[in-house]
Amino acid sequence: MRLPASVRHGGFHQLKAVRSSNLIRTYSQPLFAQSIRLRSTLSKIWAPTGGVSATEGETGHGKLIRAGFLRQAQSGVFQLLPLGLRVQDKIERLVDKHMQNLGASKLALSTLTTEELWRKSGRLDKVSPELFRLTDRKGVPIMLSPTHEEEITSLVASTLKSYKDLPIKLYQITRKYRDEIRPRHGLLRSREFIMKDLYTFDLTVESAVETYRDVAAAYSAFFADLNLPILVAEASSGDMGGEHSHEYHLSHAIGEDTVAACSTCGYTANDEVAAARSTRQLEGAVSPSDFGLWRGITKDRMTLVNAWYPRLANGSSSDDSWNIHAVKSVVSGLDTSVSDAWALWKEAVHGPGGKSGELRLLNVIDSRLVTAFENFSDQLPVYPPSLEIEHISQTSVTQTPAGQELNLLRIMDGDGCPRCETGKLEVHRALELGHTFLLGTRYSAPLEATVALPQNPRVQVPVQMGCFGIGVSRILGAVAEQLADDKGLNWPRAIAPFEVVVIPTSGVNEEMLEFYDSLTKGEGAATELDVVLDDRKEAFGWKMQDADMTGYPVVIVLGKPWRERGECEVQCRRLSVKENVQADDVPRYVAALLERL
């Protein structure tokens with residue numbers, strides 16, 4: 001095959017400049033194309049917005065569907081459309097920036113994992129109901145990964161040669177799978193989702209804690225870039241294990257979590273671990289009618305638990321006002337999934353355990369009721385009725401493991417802060433967007449991620465691990481819920497599908513294209529804007545409604561003032577701005593608006 005003469009002689013044909021309003025700027029351009037400024041136009045972006053009607057009380061998720069960001073494929077599974085993918089890509093790029101500033105290396109772990117690995121870590125049986133499990137053609141059991149602690153630990157264990165290899169910081173952004181029993185709220189509780197996982201490996205506890213603090217600072221910077229009011233709450237480690245844990249929440253009524261925050265000292269905690277000073281007291285003499293009772297049972301069915309909480313005269317407590325998390329904090333092995341503890345314990349009483357005297361009854365008593373319980377125990381239904389149980393031992397718990405007063409009432413607005421004398425707690429419903437764990441050796445020990453210390457090279461010790469997650473697809477759904485209004489979505493500048501939409505009131509002409517180019521070029525990074533031109537052959541009013549529904553931070557209208565005086569109408573719904581601005585001043589004016597978003 002004979003090559004063109006220009007190539008044979010080491011030359012290149014001169015490229016002709018291409019100028020067309022129908023060219024779409026690629027989101028991630030190759031290096032050789034970065035100098036070519038291709039225009040983004042809505043006529044070439046697939047955004048199906050018709051055929052879906054608004055519903056009464058429409059959520060942010062409903063607006064995502066109507067605006068053409070996503071569609072549901074099946075229960076808990078969604079297809080991201082071009083606009084939705086642009087938002088997700090921007091979230092991922094922002095994550096990349098902060099993870100790489102932290103010194104973390106990006107990798108990609110397989111979606112498939114083995115049951116054997118999870119069995120080795122001791123976690124398989126605890127989370128098995130949420131796993132998608134299958135077998136290959138050889139009958140080997142495998143799973144779709146809901147999280148990657150086992151995989152990353154096994155990988156690092158196979159590569160560690162010396163303590164000098166530490167510290168290690170590895171992260172990925174990938175799809176995860178959980179067989180949710182009841183998927184709901186769109187991307188907020190789905191069966192397939194996008195997560196960022198950062199895994200850290202340190203030599204000592206002290207260095208692991210320092211890494212944890214560094215990641216916390218990176219998370220704060222990430223959420224600051226999103227311009228979201230995040231609550232950083234102390235949290236339970238749950239099935240993940242470890243000792244330190246924090247959650248990153250966005251306050252919203254649709255949230256499934258409850259967070260208590262002090263108005264004075266900044267104490268913030270998930271209700272699973274939150275504490276409060278018992279400022280709500282029983283009035284007058286205490287009687288048996290002031291005792292509320294909830295019965296539970298331990299997972300081994302050997303202990304029946306009576307939780308005694310106060311019924312307050314002011315109506316701030318009721319049959320469902322007891323705090324299950326407070327009970328869990330003092331009862332190891334409590335089975336919170338059981339709704340009829342009495343029936344299960346009755347079986348245990350008549351079984352071998354009951355006959356051998358292994359059963360016991362545990363009274364967990366709110367501190368406000370301790371003295372009264374001693375006086376009225378013979379008048380209270382301590383033992384379930386119709387059962388011979390004289391041989392079963394009875395014990396009581398009246399304090400927390402730390403020796404503090406035991407408060408069994410659910411934390412409410414106005415309760416006293418446990419960290420300061422003057423602060424009052426405010427209770428928020430919240431959406432969890434991120435979670436951090438200091439795992440210690442929870443996974444490194446069973447999966448043999450070990451190194452030898454210089455002072456004792458013959459002894460292998462497990463490395464100290466941390467795990468740090470951010471829900472990428474969850475952020476997309478949560479921001480839609482948080483910032484949507486009656487007109488549509490309302491994206492923060494950092495993750496908007498486009499920062500600016502330009503909408504002509506008439507057809508597109510060459511002068512409008514030159515104005516578009518001036519916005520995308522800017523005078524530098526500070527004024528260079530991410531702009532899309534609405535060149536669709538639709539009515540102007542329809543385009544404006546569509547822009548509101550899509551949620552562009554800034555809308556620029558080219559109408560009569562543009563044609564007569566060279567002025568653009570600049571609108572920003574979140575900032576209640578609607579101003580005519582000279583075309584030459586628009587880049588700086590819009591950039592200043594975006595800085596506030």
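Thresholds, definitions, all that
Residues numbered from 1 in each chain as written. Predicted model: local features only at pLDDT ≥ 70, side-chain atom pairs only at ≥ 80, totals over all residues. Heavy atoms only, no water. UniProt positions renumbered as here; feature names shortened; annotations may be inferred. Helix = DSSP H or I, 4+ residues; strand = E, 2+ residues; numbered from the N terminus. Buried < 20%, exposed > 50% of the residue type's maximum accessible area, 1.4 Å probe, protein only. Contact = heavy atoms within 4.5 Å. Arc of directions from axis to C-beta. 1 Å grid on protein atoms, 1.4 Å probe; cavity = no way out; pocket = protein on both sides within 12 Å on 5 of 7 lines; lining within 4 Å. Points joined across faces, edges and corners; volume = space filled by probe spheres on them. Phe/Tyr/Trp six-rings, centres within 6.5 Å; stacked < 30°, edge-to-face > 60°. Lys NZ or Arg CZ within 6 Å of the ring centre and 35° of its normal. pLDDT = per-residue confidence, 0-100. Pairing = 2+ DSSP bridges. Axes fitted to C-alpha atoms, helices over the stretch in contact; angles between N-to-C directions. Salt bridge = Lys/Arg side-chain N within 4 Å of Asp/Glu carboxyl O. Core = buried A, V, L, I, M, F, W, Y, C linked by side-chain atoms within 4.5 Å. Domains from an automatic or database assignment. Parallel < 35°, antiparallel > 145°, perpendicular 65-115°, else oblique. Left-handed = near helix turned anticlockwise from the far one by under 90°. Nonpolar A, V, L, I, M, F, W, Y, C, P; charged D, E, K, R; others polar. Lys, Arg positive; Asp, Glu negative; His and termini not counted. Polar contact = N/O pair within 3.5 Å; in protein donor to acceptor, adjacent residues only side chain to side chain.

With an unreviewed UniProt entry as reference, the protein chain is termed proline--tRNA ligase, source organism Trichoderma citrinoviride. UniProt annotates the protein chain under Catalytic activity (unreviewed entry) with the comment "tRNA(Pro) + L-proline + ATP = L-prolyl-tRNA(Pro) + AMP + diphosphate".

(A) Main features of the environment of proline 561. Here proline 561 shows up in helix α15 (residues 560-565). Take proline 561: its relative accessible area is 23%, and that puts it in the partly exposed class. Considered as a pair, proline 561 and asparagine 580 are 19 residues apart in the sequence and their alpha carbons are 8.0 Å apart. Filtering out sequence-adjacent residues up to four positions away, proline 561 remains in contact with Gly566, Glu567 and Asn580.

(B) Focus on helix α6 (residues 149-159). Taken residue by residue, α6 has Glu149, Glu150, Ile152, Thr153 and Val156 as its buried positions. Buried residues of α6, viewed axially, fall in a sector of 170°; they line one side.

(C) How the structure looks around empty space enclosed by the protein. Under the definition given, this model contains one cavity of 30 Å³ or more. By residue number, the principal contributor to the lining of the largest cavity is strand β17 (residues 425-440), which donates three residues.

(D) Examining the environment of isoleucine 324 more closely. By the secondary structure assignment, isoleucine 324 is in helix α8 (residues 324-330). Counting along the chain gives 53 residues from isoleucine 324 to aspartate 271, while the straight-line C-alpha distance between them is 9.7 Å. Sequence-distant contacts of isoleucine 324, defined by excluding residues within four places in its chain, comprise Trp294, Leu334 and Thr336.

(E) The packing of aromatic side chains, seen in detail. For the structure on display, the rule yields 11 aromatic pairs. Sitting above the plane of the tryptophan 118 ring, arginine 123 keeps its charged end 4.4 Å from the centroid. Here the guanidinium or amino end of arginine 442 rests over the ring plane of tyrosine 443, the centre of that ring lying 4.5 Å away.

(F) Local environment of the confidence of the model for the protein chain. Put simply, the protein chain has an average pLDDT of 87, and 88% of its residues get 70 or more. In this model, residues 1-36 is a region of pLDDT below 50 whose contacts with residues beyond four sequence positions or in other chains number 42 contacts.

(G) A look at the sheet that holds strand β24 (residues 567-572). Spatially, the five strands line up as an open sheet ordered β22-β21-β23-β24-β25, and their pairing is mixed. Looking along the sheet, the strands with just one partner apiece sit at the ends: β22 (531-533) and β25 (577-582). Taking each pair of neighbouring strands and ignoring which way they run, the sheet shows an average axis angle of 25°. Direction of pairing for strand β23 (residues 554-558) relative to β24: antiparallel, over a ladder of three bridges. Across the sheet, the residue bridging to isoleucine 556 is valine 570, located in β24. Each of β21 (500-504), β23 and β24 is contacted by helix α14 (residues 540-550), which is oriented at about 170° to β21, the strand it contacts most. Contacting β21, β23, β24 and β25, helix α16 (residues 586-595) runs over the sheet at an angle of about 155° to β25.

(H) Just the sheet that holds strand β4 (residues 112-114), in detail. Read from one edge to the other, the open sheet built from three strands follows the order β4-β6-β5, with strand pairing classed as antiparallel. What marks the edges here is a single partner per strand, and that holds for β4 and β5 (132-135). Within the sheet, the average angular offset between the axes of one strand and its neighbour, ignoring direction, is 40°. Across three bridges, the pairing between β4 and strand β6 (residues 141-144) is antiparallel. Across the sheet, the residue bridging to threonine 114 is isoleucine 142, located in β6.

(I) Local environment of the pattern of salt bridges. If you walk through the whole model with that rule in mind, you get 31 salt bridges. A salt bridge links lysine 63 to glutamate 58; the shortest N-O distance between them is 3.3 Å. Residue lysine 63 is classed as buried on the basis of its relative accessible area of 6%. With relative accessibility at 16%, the residue glutamate 58 sits in the buried group. Of the charged contacts, one joins arginine 565 and glutamate 564 as a salt bridge, the two residues approaching to 3.9 Å between their closest N and O atoms. Exposure remark for glutamate 564: the relative accessible area of 54% places this residue in the exposed category.

(J) Highlighting the nonpolar core. Judged by nonpolar contacts, the single largest core of 62 residues is most densely connected at Ile91, Met99, Phe222, Phe223, Ile475 and Trp491. Take this core: its biggest share by element is eight residues, from helix α7 (residues 205-226). Built from parts of two domains, this core gets at least three residues from each of domain 1 (85-113 + 145-274 + 424-481) and domain 3 (498-595). Among residues more than four places away in sequence, those in contact with isoleucine 91 are Phe222, Val472, Ile475, Leu476 and Ile495. Formed by 37 residues, the second largest nonpolar core is a distinct cluster that contains Leu282, Val305, Leu361 and Leu369.

(K) Summary view of the pairing of strand β19 (residues 456-462). One ladder, built from four bridges, connects strand β18 (residues 450-453) with β19; its direction is antiparallel. By the bridge assignment, threonine 450 is partnered in β19 with proline 462. The turn joining β18 and β19, which pair antiparallel and follow one another in sequence, is formed by two residues.

(L) Highlighting the packing of helix α3 (residues 82-101) against helix α12 (residues 472-483). Two elements in contact, α3 and α12, have axes separated by 9 Å at closest approach and are oriented at 120°. Judged by the inter-axis angle, α3 sits oblique to α12. In the packing of α3 onto α12, the handedness of the crossing is right-handed. Residue-level inspection shows Gly84, Val87, Gln88, Ile91 and Glu92 of α3 in contact with α12, the latter providing Val472, Ile475 and Leu476. Partitioned by chemical class, the residues of the contact of α3 with α12 number five nonpolar, two polar and one charged.

(M) Just the side chain of glutamate 247, in detail. With respect to the helices and strands, glutamate 247 occurs in strand β10 (residues 244-251). Salt bridges are absent for the buried glutamate 247, whose nearest opposite-charge side chain, arginine 474, sits at 9.1 Å. Separated by 2.6 Å, the side chains of glutamate 247 and histidine 249 make a polar contact. Setting aside residues no more than four positions away along its own chain, glutamate 247 makes contact with Leu231, Val232, Ala233, Ala235, Asn270, Glu432, Gly434 and His435.

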